[in-house]
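# Analysis of the macromolecular model
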Amino acid sequence: MGDASPRDESRLTLLGLLLAAGLAVWLLLEPQLIATLPMSLRLPLILLGVATLGAAFAAPLAMERVRRVPSPAWRLGALVAFTLLLAGRSLSG
């Protein structure tokens, strides 16, 4: 597989940043999505959220400096997975 161009990486980073911002606002408006879970389920979901949102928000800072950060595709994939978990939780409750 070929490397993505810097322009493609920038677009994925921007998309991830926008999705992370939307998720952060959603969780501020509806904290019960996570708060009502038992601790055995809540803690892994909190850790996943911290990791994915943190990586998305830090990505623009690390784009040129550090190459050991996850690729934009992996960050976006983790954000989509976290979004689907929250959406499933929202629809089931």
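What you see is a predicted model, and the numbers here were worked out from it, not measured in a lab. (Residues numbered from 1 in each chain as written. Predicted model: local features only at pLDDT ≥ 70, side-chain atom pairs only at ≥ 80, totals over all residues. Heavy atoms only, no water.)

## Considerations on the overall build of the protein chain
- For the protein chain, the helix and strand inventory stands at four helices and zero strands.
- Moving toward the C terminus, one meets the helices and strands of the protein chain in the order α-α-α-α.
- For the protein chain, the residues scored as buried account for 24% of the 93 residues in total.
- Expressed as a percentage of contacts within the protein chain between residues at least 6 apart in sequence, the contacts between residues at least 24 apart total 81%.
- Here the protein chain displays about 6,400 Å² of accessible surface, and carbon together with sulfur accounts for 70% of that area. (Helix = DSSP H or I, 4+ residues; strand = E, 2+ residues; numbered from the N terminus. Buried < 20%, exposed > 50% of the residue type's maximum accessible area, 1.4 Å probe, protein only. Contact = heavy atoms within 4.5 Å. Areas by Shrake-Rupley, 256 points an atom, 1.4 Å probe, with all protein chains shown as cover.)

## With respect to helix α4 (residues 72-92)
- Between the first and last C-alpha of α4 there are 30 Å, a value that for 21 residues agrees with the 30 Å anticipated at 1.5 Å per step.
- When we look at burial in α4, the residues that qualify are P72, R75, L76, L79, F82, T83 and L86. Take α4 and look down its axis: the buried residues cluster within an arc of 125°, on one side only. Among the exposed residues of α4, those oriented more than 90 degrees off its buried face are W74, L84, L91 and S92. (Expected span 1.5 Å × (residues − 1). Arc of directions from axis to C-beta.)

## Describing a nonpolar patch on the surface
- A cluster of nonpolar side chains, M39, L43 and L47, forms an exposed patch at the surface whose accessible area comes to about 310 Å².
- Mapping L43 onto the fold places it in helix α3 (residues 39-62). (Patch = residues over 30% accessible without salt bridge, like charges linked within 9 Å, V, L, I, M, F, W, Y side chains within 5 Å. Salt bridge = Lys/Arg side-chain N within 4 Å of Asp/Glu carboxyl O.)

## Brief notes about the nonpolar core
- Membership of the largest hydrophobic core is limited to 12 residues, which are A20, L23, L27, L33, I34, L37, L45, L53, A56, L79, F82 and L86.
- Sorting the residues of this core by element identifies α1 (6-29), α2 (32-35), α3 and α4 as the ones contributing at least two each.
- Those residues in contact with L86 that lie beyond four places of it in its chain are L23, W26, L27, L33, I34 and L45. (Core = buried A, V, L, I, M, F, W, Y, C linked by side-chain atoms within 4.5 Å.)

By themselves, these figures tell us nothing about what the structure is for.
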